[in-house]
Amino acid sequence: NAMGYARETALEIGTYASQRISWRIKTTDFLDNGVSEMRDRLWYRDGEGCPMVVFNPHSFPVKAAVSFGMQWISRVVDKDGKDLPYQLVRASYTDGRHVNKCLFNVDVPAYGYNVYYLYKSDDYPEVNFESDLKITADTIENSAAKIKINPETGAVESFIYKDSDFAAGGLGEVIVCDDEKNDTWGHKVTDYNNKVGSFGGGTLEIVESGPVRATLKSTVKYNNSVLIRYYSLYSGSEKLHVRCILDFDEPYKLAKICFKANVSNPKVTYSMPYGFIEKAADGQEEPCHAWADIHDKNGFGLGLINDCKYSFCAVENDLRMTAARSCAFLDHFGQEHRDSEMQFLDKGEQEFNYIIVPHFEKQNAALFREGELLNTPLQLTQETHHDGTLEPVYSGISVDKDNVVVTSVKAAEDGNGLILRIIEADGKETAAEIDFKALGKKFTAEFKPQEIKTVRISADGHISEAMITE
C-alpha cells in the first residue's frame, strides 16, 4: 500500500545516508593489521572487534541499549577500549542457530554517532559485570525501583520507586468493553467504558536475566484472545518497558489497558504533534499520540509512552489506553443489517510497546523526548575496519535547554540553505542557545510555551532574524 511504500522509501534513503557517513568514519587504529573478514556474520580482524556505528537522530544526547543479531559474543568495548555491559537475549526470529541478539549499553551525543566494537573470539574471554538487577518468579528489581507482577492479571501489582514516597499498583489490568451498539466511526459516542470482562488466567516466567536488563514474560487470556507482555527493567532505570503481542478476536469489543495512578484530583495531559493539552479525567475518549500523563496539581503522577496507540481516556485516577477496537469494517449505522459476512478491524495479532514512567513533578519535556526515542530509536550500522576523515564520536548539534528540541533539519525548498524546526516541549517560556556545530553556527532563540519556530540558515550563513533573537 501507499503508506508501506513511503516507509520503505524513507528507510532506504536513511540507510544509504547513514552508510555514506559510516564509511567515512575512522574505525581502526591499526591500518597495517590486515583486512577485515566475515566471521559468522561479523566483520572481524586480528586484535579488533567488529565496528558498530550507532546513530542518534535526535537533538538531545541518548543513553540507551541497542542490539545486534548474533549467536554469541565475548566482549563489547567503546572507542577507548573500555569494556561495556552486554547480554545475549532471544531474538524475534529463528535463523538456524542464530536466535540471539547482543544487547549492550551506548551513550550517543545529539545529532551524532558513536562507534563501538563487538568481539567474537576465544582470545577474549567473557567479562562478568556486576549488576543491580534482581529477578524472581514475580518481581524485577534494580537500584531505582522494585516491580511486582500479578501472575493472574498480568498487571503490575506493586511499583515502588526507591528513595521516595512513590508507590503504585494496578498498572496494566486489561479490561474488555462492549462496542456492539456503535458503528465503525463511533458516531455520537464519546465514552467507551462499558466493561464486560477482564483478561486473566495468567502465567509468568523469567525470560531474561543479565547486567543490562531483566525480563518477566506475562501471558493472559480472554475468551479467544491472548496478550503476551514482556516486562523489562534496565539497570539503574526507574522506567518499566513493556513489549506487547496481542492476538485479539472479540467482535464488537474494545481491549483497554488500565493504569491506576495514586493521585488525587487528577488531570490528564495528552500529547499531540509538537504539543500537548491538559484535560479532565472524565472518562471521555481523547486522541493522543506518543505520550499521556495523569498527575495531580503538583505534577506528581504517572507518564505513559507508547509507539502506536492513539486513543485514551481517564476514569478518575485510572488512565486507560485503547489497545484494540474490533468494530466492523465500514459499518455505517448498519446495526440492523449485520450478518455472518461482516469483517472486523483490529482482529488478529499486533505488536506494540509502552513505557511506564513515574514522576514527582511535571515531566512534559522528558516524556516528549522519551516518546521521540521510542518511536524513532537509535540506528545501528555494522562497519568494516578502515581509515576515515571523520572521528569515532561526533555531535552535530547541541541545545542548552532540555525543553527545547530541534525536531527536523531539511534543505530549504528554494535551495537557499537549511530549515530547522524547533519546539518548546515543556509549556514554559524559555531562551535557548542552539549550537549547530555541523555548520559552525550558534544562535539564541526565545520561546513562548509550546511555541514552534522555523529557522533558516541561509547558504551564506545568515540566520533568519524574523524568527529569532540573535
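Let me sum up the structure you'll find in this document. Residue numbers restart at each chain and count upward from 1, following the sequence in its written direction. Where totals are concerned, whole chains, interfaces and linings use all residues; where local detail is concerned, this predicted model gives features only for residues with pLDDT of at least 70, and gives and counts side-chain atom pairs only at 80 or more. Neither water nor hydrogens contribute to the side-chain values; these are computed over all heavy atoms in the structure.

Looking now at the overall build of the protein. In DSSP terms, a helix is any run of H or I states spanning at least four residues, a strand is any run of E spanning at least two, and both are numbered starting from the N terminus. When you go through the protein residue by residue, the secondary structure sums to 2 helices and 36 strands. Every radius of gyration here is taken over C-alpha atoms, with the globule rule written as 2.2 Å times N^0.38, N being the number of residues. The C-alpha radius of gyration of the protein comes to 24 Å, within 12% of the 23 Å expected for a compact globule of 470 residues. When its C-alpha atoms are laid out on the principal axes, the protein stretches across 75 × 60 × 50 Å. Buried residues in the protein amount to 49% of all 470 residues. Only protein chains enter the accessibility calculation, which uses a 1.4 Å probe. A residue is then buried if its area is under 20% of the maximum for its type, exposed if over 50%, and partly exposed in between.

Further remarks concern the pairing of strand β28 (residues 348-359). In terms of strand pairing, strand β19 (residues 240-248) meets β28 through 9 bridges, oriented antiparallel. Following the sheet pairing, Phe 248 is matched in β28 by Gly 348. Strand direction decides the pairing type here: strand β25 (residues 301-306) and β28, joined by 6 bridges, are antiparallel. Following the sheet pairing, Leu 304 is matched in β28 by Ile 356. When DSSP locates at least two bridges between a pair of strands, those strands are taken to pair.

It is worth spelling out the nonpolar core at this point. Residues Phe 159, Phe 199, Phe 259, Tyr 354 and Ile 356 are the most contacted members of the largest nonpolar core, which totals 49 residues. Counting residues per element, this core draws most heavily on β19, which supplies 5 residues. In what follows, residue pairs with any heavy atoms lying within 4.5 Å of each other are defined as contacts. Apart from residues no more than four positions distant in its own chain, Ile 356 is found in contact with Phe 159, Leu 171, Glu 238, Lys 239, Leu 240, Phe 259, Leu 302, Gly 303 and Leu 304. In this description, a nonpolar core means a group of buried Ala, Val, Leu, Ile, Met, Phe, Trp, Tyr and Cys residues linked to one another through side-chain atoms lying within 4.5 Å. Residues Leu 84, Leu 118, Leu 367 and Ile 423 belong to the second largest nonpolar core, which totals 33 residues.

Okay, the sheet that holds strand β36 (residues 452-457) next. Sheet strands line up and pair through hydrogen bonds in the backbone, either parallel or antiparallel. Taking strand neighbours across the sheet as the criterion, the 3 strands line up as β32-β33-β36 in an open arrangement whose pairing is antiparallel. Since the sheet does not close on itself, it has two edges, and those belong to β32 (404-411) and β36, each with one partner. Taking each pair of neighbouring strands and ignoring which way they run, the sheet shows an average axis angle of 20°. Of the strand pairs in this sheet, β32 and strand β33 (residues 418-424) are connected by 7 bridges, and their pairing is antiparallel. Directly across from Val 406, in β33, lies its bridge partner Ile 422. Note on geometry: axes are lines fitted to C-alpha atoms, helical ones only across the stretch in contact, with angles between N-to-C directions running from 0 to 180 degrees.

Across its 12 residues, helix α2 (residues 364-375) extends 16 Å between first and last C-alpha, which sits within 8% of the 16 Å expected from 1.5 Å per residue. Every buried residue of α2 is listed here: Asn 364, Ala 365, Leu 367, Phe 368, Arg 369, Gly 371 and Leu 373. By this rule, a helix spans an expected 1.5 Å times one less than how many residues it contains.

Turning our attention to a nonpolar patch on the surface. What goes into a patch is any residue over 30% in relative accessible area without a salt bridge, connected to like charges within 9 Å or, for nonpolar side chains (Val, Leu, Ile, Met, Phe, Trp, Tyr), within 5 Å. A 1.4 Å probe and the Shrake-Rupley method give the accessible areas. Residues count as covered only by the protein chains that appear here. Any Lys or Arg side-chain nitrogen located within 4 Å of an Asp or Glu carboxyl oxygen qualifies as a salt bridge. A surface patch of nonpolar side chains, amounting to about 440 Å² of accessible area, comprises Trp 185, Phe 329, Leu 330 and Leu 345. Along the polypeptide, Leu 330 turns up in the loop between β27 (318-325) and β28. Exposure remark for Leu 330: the relative accessible area of 58% places this residue in the exposed category.

Under the criterion given, the structure shown has 21 salt bridges. The shortest N-O distance in the salt bridge between Lys 195 and Glu 173 comes to 3.6 Å. Highlighted residues: Lys 195 in strand β15 (residues 195-198) and Glu 173 in strand β14 (residues 171-178), separated in sequence by 22 residues. For Glu 173, a relative accessible area of 22% corresponds to the partly exposed category.

Two aromatic rings, taken as a pair, are described by how far apart their centres are and by the angle between their planes. Note on aromatic contacts: the rings of Phe and Tyr and the six-membered ring of Trp form a pair at centre separations within 6.5 Å, being stacked when their planes are under 30 degrees apart, edge-to-face when over 60 apart, and tilted otherwise. For the structure shown, the criterion picks out 10 aromatic pairs. Each ring, one from Phe 276 and one from Trp 291, has its centre 5.9 Å from the other, and the planes form 50°; the classification is tilted. One end of the pair, Phe 276, is in strand β22 (residues 275-280); the other, Trp 291, is in strand β24 (residues 291-295), with 15 residues separating them in the sequence. For the residue pair Phe 276 and Trp 291, the accessibility class agrees, reading buried in each case. By the criterion adopted, a ring carries a charge over it if an Arg CZ or a Lys NZ lies within 6 Å of its centre and within 35 degrees of its normal. Above the face of the Tyr 119 ring, Arg 75 is positioned so that its terminal group lies 5.3 Å from the ring centre.

Bringing the side chain of Asp 435 into the picture now. Considering the arrangement of structural elements, one finds Asp 435 in strand β34 (residues 430-436). No salt bridge is formed by the buried Asp 435, whose closest oppositely charged neighbour, Lys 442, lies at an N-O distance of 4.2 Å. Two residue types count as positive, namely Lys and Arg, and two as negative, namely Asp and Glu; His and chain ends fall outside the count.

A separate point is the sheet that holds strand β6 (residues 86-95). Ordered by their spatial adjacency, 3 strands build an open sheet running β4-β7-β6, and the pairing between neighbours is antiparallel. This sheet does not close on itself; its edge strands, each paired only once, are β4 (62-69) and β6. If you compare each strand with its neighbour and ignore which way they point, the axes differ by 35° on average. Taken together, the 6 bridges between β6 and strand β7 (residues 98-108) define a ladder with antiparallel strand orientation. Bridge pairing in β7 places Leu 88 opposite Cys 102.

Let's shift gears to the state of the cysteines. Cysteine sulfur atoms that come within 2.5 Å of each other are treated as a disulfide pair. Under the defined criterion, the tally for this structure stands at 0 disulfides. As a non-bridged cysteine, Cys 102 has Cys 50 as the owner of its nearest cysteine sulfur, 11 Å distant. Free cysteine Cys 288: the closest other cysteine sulfur is in Cys 313, separated by 11 Å. Judged by relative accessible area, which is 0%, Cys 288 ranks as buried.

Turning our attention to the environment of Arg 24. Its location among the elements puts Arg 24 in the loop between α1 (2-22) and β1 (37-39). When the C-alpha atoms of Arg 24 and His 386 are compared, they prove to be 8.4 Å apart, with 362 residues separating the residues in sequence.

Purely spatial values, then, with no claim about function.
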